[in-house]
Amino acid sequence: MKQMSILTDITRCIGCEKCVMACKELNETGPDRFWPWQRSLTDLSASRWTTLIRKTGNRYVRQQCRHCLEPACVSACLVGALTLTSEGAVVYDPKVCMGCRYCMMACPYAIPRYSWADPVPYIHKCTLCHEQIMNGSIKEPACTRACPTQATIFGDREALLNEAHRRLKEQPERYPFQQVWGEHEIGGTSVLYLSDMDLSFLNWKPDLGTTPLPLKTWTTLKTVPYTFVAVGAAMFGIHKLIERRMELQAQNETPSCPVQEASTNEGPPKPGLSGTDETTGLSTRADLGSERNGRSPNL
Ligand code: SF4
Ligand code: SF4
Ligand code: SF4
């Protein structure tokens with residue numbers, strides 16, 4: 001698959017919430033909680049990465065991260081905690097996040113949520129099930145798999161666009177809005193919509209334009225007070241200081257063992273020590289990882 005995508009057809013949704021529950025189960029986001037500043041328990045939240053917006057006449061509109069082709073959240077993140085994968089999913093690494101929440105400000109669709117009430121808060125949002133699909137544990141996102149009416153389907157972006165345009169052409173009376181929402185807006189998104197109602201309330205505003213927001217982000221940043229950038233730089237500095245302190249602390253807490261030290265050149269790294277995973281080639285920093293998880297990025 002070249003470009004992982006989801007097409008949600010509002011006209012087919014029956015509001016069963018199976019997509020929401022499947023996402024919660026797969027990602028173990030826990031029961032819904034009333035987070036501070038949330039309007040309702042069923043709002044998009046740190047424990048609800050996709051939700052349904054209820055409209056009059058028993059109509060339902062699914063909401064989730066759009067996985068922008070040129071994501072503003074990624075360009076706003078100073079430390080690279082959010083990344084755009086080559087498969088089109090925008091994913092998040094909490095170990096890198098410094099908690100500045102610039103991504104929340106940058107997102108044109110108001111998607112990322114922060115686990116405000118947690119002792120160690122992080123950003124939360126739909127991942128397009130990227131990790132699980134890439135490691136082969138699932139073949140498609142839990143939400144699309146669970147949908148009984150195929151109101152939300154998974155596939156290659158090009159194929160889904162073809163399918164969407166076929167539906168628009170064959171049933172114009174069903175789709176008074178003859179457009180695929182997300183095809184072009186601000187550079188396009190991997191999560192596409194077909195709808196018989198105006199989706200402006202999902203922040204698909206008519207004035208979004210087709211220019212990718214990352215281009216605008218830095219143009220805008222140039223015009224904001226230097227303090228905005230300075231605060232970001234200061235937070236990054238503090239984040240690095242804390243990270244360094246934790247590294248030193250982790251080293252100090254590792255008991256010095258002469259036998260172990262003498263044998264380091266004769267065998268594989270001992271559990272709990274820094275090294276390189278032979279299979280993945282990535283650094284293994286288990287001890288440091290658990291230390292890091294004990295820090296609060298909410299400075
Ligand atoms: S919808 Fe928002 S959070 Fe999702 S990829 Fe786009 S900018 Fe990032
Ligand atoms: S794609 Fe995965 S993470 Fe995103 S809403 Fe669906 S199940 Fe949840
Ligand atoms: S599972 Fe399908 S029909 Fe049910 S709420 Fe989700 S999108 Fe709508």
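Everything below is about the structure shown above.
A short tour of the structure in this document, coming up. What you see is a predicted model, and the numbers here were worked out from it, not measured in a lab.

Spatially, three strands are ordered E8-E1-E9 in an open sheet, and the strand pairing comes out mixed. What marks the edges here is a single partner per strand, and that holds for strand E8 (152–156) and strand E9 (191–194). The average undirected angle you get between the axes of adjacent strands in this sheet is 25 degrees. Examined bridge by bridge, strand E1 (residues 4–9) and E8 share five bridges and lie antiparallel to one another. The partner of threonine 8 across the bridge, within E8, is threonine 152. Running over the sheet, helix H6 (residues 157–170) touches E1, E8 and E9 and is turned about 130 degrees from E8.

Around ligand 1, 13 residues are found, and the nearest of them are Cys65, Cys68, Pro71, Cys73 and Cys107. In the shell around ligand 1, the residues fall into ten nonpolar, one polar and two charged.

Attention now goes to the site of ligand 2. Close to ligand 2 lie 14 residues; Cys23, Cys126, Cys129, Pro141 and Cys143 are nearest. Of all elements in the fold, only helix H1 (18–27) and helix H5 (142–146) reach the threshold of two or more residues within the shell around ligand 2. Per-element tally for the shell around ligand 2: the top contributor is H1, with four residues. Across the shell around ligand 2, the residue classes tally to ten nonpolar, four polar and no charged.

As for its placement among the helices and strands, tryptophan 35 is situated in the loop between H1 and strand E2 (51–55). Note: C-alpha distance between tryptophan 35 and tyrosine 114 (79 residues apart in sequence) is 9.0 Å.

This part covers H1. When H1 is considered as a whole, its buried residues turn out to be Cys19, Val20, Cys23 and Lys24. End-on, the buried residues of H1 take up no more than an arc of 135 degrees, which puts them together on one face. Buried-residue contacts for H1 involve E2, strand E3 (59–63), H5 and E8. Downstream of H1 by one or two residues, glutamate 28 has phi in the positive range, about 45 degrees.

Cut-offs applied
One numbering rule holds for all chains: residues counted from 1, following each sequence as written. For this description, chains carry letters from A and ligands carry numbers from 1, given in the order in which they are written. The model is predicted, so local features are restricted to residues of pLDDT at least 70 and side-chain atom pairs to those at 80 or more, both for listing and for counting; the totals for chains, interfaces and linings are taken over all residues. Being paired, for any two strands, means DSSP has found at least two bridges between them. The secondary structure listing takes helices from DSSP runs of H or I that are at least 4 residues long and strands from runs of E that are at least 2 residues long, numbered from the N terminus. Every axis in this analysis is a line fitted to C-alpha atoms, fitted for helices over the stretch in contact. Angles between the N-to-C directions lie between 0 and 180 degrees. The contact rule is simple: place each C-beta atom from the backbone, and if two of them lie within 7 Å, those residues are in contact. We call a residue near a molecule or strand if the C-beta atom, set from the backbone, is within 6 Å of it. By the convention adopted, Pro, Cys, Tyr, Trp, Phe, Met, Ile, Leu, Val and Ala count as nonpolar, Lys, Arg, Asp and Glu as charged, and the other residues, Gly among them, as polar. As a rule, residues whose C-beta atom has 12 or fewer other C-beta atoms within 10 Å are exposed, those with 20 or more are buried, and those in between are partly exposed; C-beta atoms are placed from the backbone. To obtain the arc, one takes the directions from the helix axis to the C-beta atoms.

Nothing here speaks to function; it is all geometry.
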